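Single-letter residue listing:
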Amino acid sequence: MNKKSSKTSSSNENYSHLELLNLGKIFFKEKKFIDFRSKGNRSGFEAIKDINLKIEKNTFVSIIGPSGCGKSTLLNLIAGLQAPTSGKIVIDGQAIKGPGPDRGVIFQNYALMPWLTTIQNIEFALNTVFPAKTKADVKERARKYLRMVGLEKASNKFPKELSGGMKQRVAIARALSINPNMLLMDEPFGALDALTRSYLQDELLSIWRKNKVTVVLITHSIEEALLLSDKIVLMSSGPSAIISEEISVDLERPRDREKIEQDPKYLKIKMRLEKHLLRETRAVEEVT
Amino acid sequence: MNKAISTRLTFVVAILSLLIFIILWQVIAQQGLLVKNFPGSFKTIESLIWWVSDPFFDNGPNDLGIGTNLLISLRRVLIGYSLAVLVAVPLGVLMGMSKLAQSSLNPYVQLLKPVSPLAWLPVGLFVFRNSEITGIFVIFITSIWPTLINTAFGVASINPDYLRVSKSLGASKSTTIRRVILPAIMPNILAGMRISMGTAWLVIVAAEMLLGTGIGYFIWNEWNNLSLENIFVAIIIIGFTGFILDQFFGFLQDKFDYSI
Ligand SMILES: Nc1ncnc2c1ncn2[C@@H]1O[C@H](COP(=O)(O)OP(=O)(O)O)[C@@H](O)[C@H]1O
Ligand SMILES: [Mg+2]
């Protein structure tokens, strides 16, 4: 709704672009239709608690943490796909009530509809978000974003005819086509081979630079986080995971993936991240 | 093996096996090895040619061409079946989406599904007092369960990623149903429709023996005429028609198989 105003006026704002305030999520067991035993107090699984985080406009933020700690849960909350049990999410000064086209979401398994061609997948997003747009407009716009990820030639192919990397590029094009302010990505490159992964990381960086979006990226790769982010958020092991640290990555851009590994600053942060992840992962393994 | 040669070989083997079957049948019948006066394959083929060469004559309800009877049966099946699909798909989607609908409807489905649809025939006759509508009604009951159950199962087991994409775009419930859920469960719906059609085609023959006219009644009538070779003609025609119907759904299923 207030997308235009928030994009143009940024000088006199005293809030960040995205604020998570005391955010918590408890998963309750599904209530049975008739349940004689558990009356009243339902016990649940507290995935995350007391999450406080501020993210500035057009920054690139990575969230890293041991597996199962609640990263996906956190991203789903920001996307509005799930409702928090406590706390709130504020975007440009307004608490969100659900999903919205100001946030484009990219899932690990691409989540392309197999009955639609590449271009139809993007058109589906556009038709849903902009119902007033004409058919020709939608087609033109879908083409533009396919061109942006270098897949114009594959526009009439079905997802099953594409490689994993190509599918994720289509998903990125779909997420960007609705012109979101924020790109939310849940381990988007986790299922790809190393070469494709590097290629898409570069692609994502160039898209991020050109499109003026805020990116929240969930990853389990320290190298990926370091190469891409302005800020890395570390989560503790679950249950009741919290944010244990925020690290600013003040490495110069553009970052060259070979040279950066010689940079003492890079190595220092990397060691810190490795130590943290090792500690938290050990905590997970020793509990279970 | 070379594919062209292998298909030709399959064809040759099929023809050979058919020839052997026809000859064996004729020999067994001619020698009276089974029972006396059992019609042989030659006599049956002769009848088949006779019936097929003039399929659409109409000399009153007890003397219809086999094509006319076939069309009567097909018409009943198509009407009852189509109505069943129109009810089963929306109901299945509802049951797949809503816990409440699932828990309130499932007991009836589980209870009625195993009942032979022929049990509904007297009910139909009593209520409708019309054999045509009763036939359609029985086919409706027959066809509804497989499509309903497959549709509901399809919705319940839909890939949650598709729903999340739809939700993240802020799609309305109706958009999600029309543009995401229905296409996603097309393979399930078609699988259900294929089973429904197969069962409907089985049931119509039995139902028509009690209803008058139709290919099932043709069999009953020829039994009264003690003309076994005409019954064999009907069996061949029923089998062939069922095969064509099944192949049609097989073709549709291939079209909507997203995995290949
Ligand atoms: N819908 C749910 N119901 C119950 N528990 C859930 C649900 N979703 C996630 N969880 C639990 O919450 C924890 C965090 O899950 P998730 O956010 O997927 O972790 P991550 O993405 O960091 O691997 C896990 O222990 C998981 O089992
Ligand atoms: Mg996850």
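Remember, it's a predicted structure, so these values are computed and weren't measured experimentally.

Peer 1: Pulling in residues and values, what's your account of helix 1 (residues 3–30) of chain B?
Peer 2: Residue and element names in this part refer to chain B. The end-to-end C-alpha separation of helix 1 is 41 Å, in line with the 40 Å expected for 28 residues at 1.5 Å each. Within the span of helix 1, buried status applies to Ile22, Trp25, Gln26 and Ala29. Taken together, the buried residues of helix 1 touch helix 2 (41–53) and helix 10 (228–255). Two residues or fewer past helix 1, Gly32 is found with a positive phi of approximately 65 degrees.

Peer 1: Outline the interface of chain B and chain A, supporting the account with residue identities and numerical values.
Peer 2: Each partner contributes to the interface: chain B provides 21 residues, whereas chain A provides 24 residues. For the chain B and chain A pair, buried surface summed over both sides reaches about 2000 Å², with 69% attributable to carbon and sulfur atoms. On the surface where chain B and chain A come into contact, there are 0 salt bridges. Across the chain B-chain A interface, the total number found is 1 residue pair in polar contact (both at pLDDT 80 or more). Of all the secondary-structure elements, those providing two or more residues to the side of chain B that touches chain A are helix 4 (99–112), helix 7 (160–168) and helix 8 (173–209) of chain B. Sort the elements by how many residues they give to the side of chain B that touches chain A and helix 7 of chain B lands first, with 7 residues.

Peer 1: Describe the sheet that holds strand 2 (residues 44–55) of chain A, and please don't skip the residues or the numbers.
Peer 2: Residues and elements named next belong to chain A. Sheet architecture is open: 4 strands sit in the order 2-1-4-5, paired in antiparallel fashion. Looking at which strands have only one partner, the edges of the open sheet turn out to be strand 2 and strand 5 (94–95). As judged from the 2 bridges shared by strand 4 (residues 86–91) and strand 5, these two strands associate in the antiparallel manner. In the sheet register, Val90 faces strand 5, and the bridge partner there is Ala95. In the packing of helix 2 (residues 71–79) onto the sheet, the strands contacted are strand 1 (18–28), strand 2 and strand 4, and the crossing angle to strand 1 comes to about 115 degrees.

What counts, and where the lines are drawn
- Residues numbered from 1 in each chain as written.
- Chains lettered and ligands numbered in written order.
- Predicted model: local features only at pLDDT ≥ 70, side-chain atom pairs only at ≥ 80, totals over all residues.
- Heavy atoms only, no water.
- Helix = DSSP H or I, 4+ residues; strand = E, 2+ residues; numbered from the N terminus.
- Expected span 1.5 Å × (residues − 1).
- Buried < 20%, exposed > 50% of the residue type's maximum accessible area, 1.4 Å probe, protein only.
- Contact = heavy atoms within 4.5 Å.
- Buried area = accessible area lost by both parts, 1.4 Å probe.
- Salt bridge = Lys/Arg side-chain N within 4 Å of Asp/Glu carboxyl O.
- Polar contact = N/O pair within 3.5 Å; in protein donor to acceptor, adjacent residues only side chain to side chain.
- Pairing = 2+ DSSP bridges.
- Axes fitted to C-alpha atoms, helices over the stretch in contact; angles between N-to-C directions.

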